[in-house]
Amino acid sequence: MSISQQYIDENKDKFVEELFELLRIPSISTDSTKKDEIKKAAGFLIEKLNELDLERVELFDTPGNPIVYGEHCPYDDRPTVLIYGHYDVQPSDPDDLWDTPPFEPTVKDGLIYARGASDDKGQAYTHLKALESYVKSGEPIPVNVKIILEGEEEIGSPNLVPFLEEHKAMLSCDMVLISDTAMFDKDTPSITYGLRGLAYMEVEVTGPNRDLHSGVYGGAVENPANVLCEMIAKLKDEDGVIQIPGFYDDVIELTGADREAYTKLPFDEEAYKKSLDVKALHGEKGYSTLERSSARPTLDVNGLWSGYQGEGAKTVLPSKAGAKISMRLVPDQHPKKIAELFAKHFKSLAPDTVKVEVREHHGGHASVTDLDFYGLKAGADAFEDIYGKPALFSREGGSIPIVADFKKVLGVESILMGFGLTSNAIHSPNENFSLKDFHRGIKTSARFLELLPEYS
Ligand code: BES
Ligand code: ZN
């Protein structure tokens, strides 16, 4: 075993303690009252980068949350890897469904429970500790590295795209390395070569100018809650096909070979159902569960509100009803175009008894990595060396919109080497990350950096 790998074994507990410190900071990017926590998390990471004797460590302010940057590029003849991760997290709500406090990391049965444990603090931190394993054991970091850790991924990275454009020269690299996805399953490491894009909308339907007595007015005045449900129901047909005109126009259909590859993946549909406690699955007709959840576009209500939500019964006809609706996109759908098609179609569904407003939130493009890219091979081999099992290549349904921008602005492929699991409950109560995968993640990252020069 190399000295850096040995260092990782010897410092296992120290790494976990440090991660806990980071997990205790509620750096929630959607919550504007958490700006100080965001700063604190960024400051923590700067401090940790400063311990690595890199050539450059800098905190870049943006109109939003700061970007943590580091760089160590001593070689002319070796590849440059840009490590990307995010230190912001999703809100922890509903807090009462957590078994332990979301920002007090707790280990139970080998799992670290905390918001951000997997998405993405725990995963991103693996790379910092992999770098430390070289620096502190006296081995040189084997390739050039640049590190970028942002605080706005969960809100669509609004300030990172301008940052990439402005600092194109500083960020020039041969590839991006990201750990912010999941492995195929707990025994099967995988490299994610496709991610979906996103268009996120908010709609509001307004009926009468105030809430009304449902006995006095009910039956004579339109109920916006009823209307909203009817409108949403029309967005898909009974085969799960989205009814927005033009929605599928730019979708690149899966080839026969793509579909064949899907059938080879060791997916256990029964176990999947069981893990979710559902009797049956549901999705677009003609596609398998894996295809539906990673390579087909979707439309889903993410939030829905109207009328009385309190205890007991209040007889009221609400004045307003609203919904948040996300569409996951696939190549080559364009998020802006889809948002416009949605808005036009949704408004066309409204009866003239109500007013409808449609707003667009953040979005992003889907991405697919070129499977012939040499970096993927190095990633897969690093996984195999540490996990003792060959890595699969699979697509995932989540979104990391900046991946498409790395390609567009910097012209490079991203290697999505996730150490998470779908059971990590990211964005949900009781988010977790296994101690074992945190440790193996650090080792895999270090091994990847070691293998890379041989593959380029
Ligand atoms: N880490 C996730 C993305 C992810 C999760 C990819 C699981 C693959 C598998 C990321 O932090 C995330 O949640 N992204 C948002 C993007 C959005 C806010 C623009 C998402 O997918 O909802
Ligand atoms: Zn993430």
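Refer to the preceding data block for the structure.
Residues numbered from 1 in each chain as written. Chains lettered and ligands numbered in written order. Predicted model: local features only at pLDDT ≥ 70, side-chain atom pairs only at ≥ 80, totals over all residues. Heavy atoms only, no water.

Participant: Teacher, can you tell me more about the sheet that holds strand β18 (residues 432-434) here?
Facilitator: Strand pairing in a sheet is mediated by backbone hydrogen bonds. Such pairs are either parallel or antiparallel. Strand order in the open sheet made by the three strands is β4-β5-β18, with antiparallel pairing throughout. Only two strands of the sheet have a single neighbouring strand rather than two, namely β4 (106-108) and β18. Taking the axes of each pair of neighbouring strands and ignoring which way they run, one obtains an average angle of 30 degrees across the sheet. As paired elements, strand β5 (residues 111-113) and β18 share three bridges and run antiparallel to each other. Each bridged residue has a counterpart across the sheet, and for leucine 111 the counterpart in β18 is serine 434. Contacting β4, β5 and β18, helix α13 (residues 435-455) crosses the sheet at an angle of about 60 degrees to β18. (Pairing = 2+ DSSP bridges. Helix = DSSP H or I, 4+ residues; strand = E, 2+ residues; numbered from the N terminus. Axes fitted to C-alpha atoms, helices over the stretch in contact; angles between N-to-C directions. Contact = heavy atoms within 4.5 Å.)

Participant: Would you mind showing me how to read the site of ligand 1 here?
Facilitator: Taken together, 18 residues sit near ligand 1, with Glu153, Asp180, Arg328, Ser399 and His427 positioned nearest. In the model, an oxygen atom of ligand 1 is placed 2.7 Å from a nitrogen or oxygen of the glutamate 153 side chain. About the coverage of ligand 1: the protein hides 91% of its 520 Å² of free accessible area. Across the shell around ligand 1, the residue classes break down as five nonpolar, seven polar and six charged. (Near = heavy atom within 4 Å. Polar contact = N/O pair within 3.5 Å; in protein donor to acceptor, adjacent residues only side chain to side chain. Areas by Shrake-Rupley, 256 points an atom, 1.4 Å probe, with all protein chains shown as cover. Nonpolar A, V, L, I, M, F, W, Y, C, P; charged D, E, K, R; others polar.)

Participant: Sorry, what's going on with the side chain of serine 157 here?
Facilitator: Along the chain, the position of serine 157 falls in the loop between β6 (144-150) and α5 (160-166). By relative accessible area, which is 2% here, serine 157 ends up buried. Only 2.6 Å separates the side chain of serine 157 from the side chain of glutamate 150, close enough to count as a polar contact. Leaving out residues up to four positions away in the same chain, serine 157 has contacts with Tyr84, Glu150, Glu152 and Ile402. (Buried < 20%, exposed > 50% of the residue type's maximum accessible area, 1.4 Å probe, protein only.)

Participant: How should I be thinking about α13 in this particular structure?
Facilitator: The α-helix advances 3.6 residues per turn, and as a result positions three or four apart in sequence lie on the same side. Under the 1.5 Å per step criterion, the end-to-end length of α13 is 30 Å for 21 residues, consistent within 8% with the ideal 30 Å. At leucine 449, α13 shows its largest kink, close to 25 degrees, and the proline proline 453 lies no more than four residues downstream. (Expected span 1.5 Å × (residues − 1). Bend = angle between axes of the 7 residues up to and from the residue.)

Participant: Any chance you could explain a negative patch on the surface here in plain terms?
Facilitator: A cluster of acidic residues, Asp13, Glu17, Glu21 and Glu47, forms a negative patch on the protein surface. In terms of residue count, helix α2 (residues 12-23) provides more of the negative patch than any other element does, three residues in total. Relative to the elements of secondary structure, glutamate 47 occurs in helix α3 (residues 35-50). The class for glutamate 47 is partly exposed, based on a relative accessible area of 44%. (Patch = residues over 30% accessible without salt bridge, like charges linked within 9 Å, V, L, I, M, F, W, Y side chains within 5 Å. Salt bridge = Lys/Arg side-chain N within 4 Å of Asp/Glu carboxyl O. Lys, Arg positive; Asp, Glu negative; His and termini not counted. Charge placed at Lys NZ, Arg CZ, Asp CG, Glu CD.)

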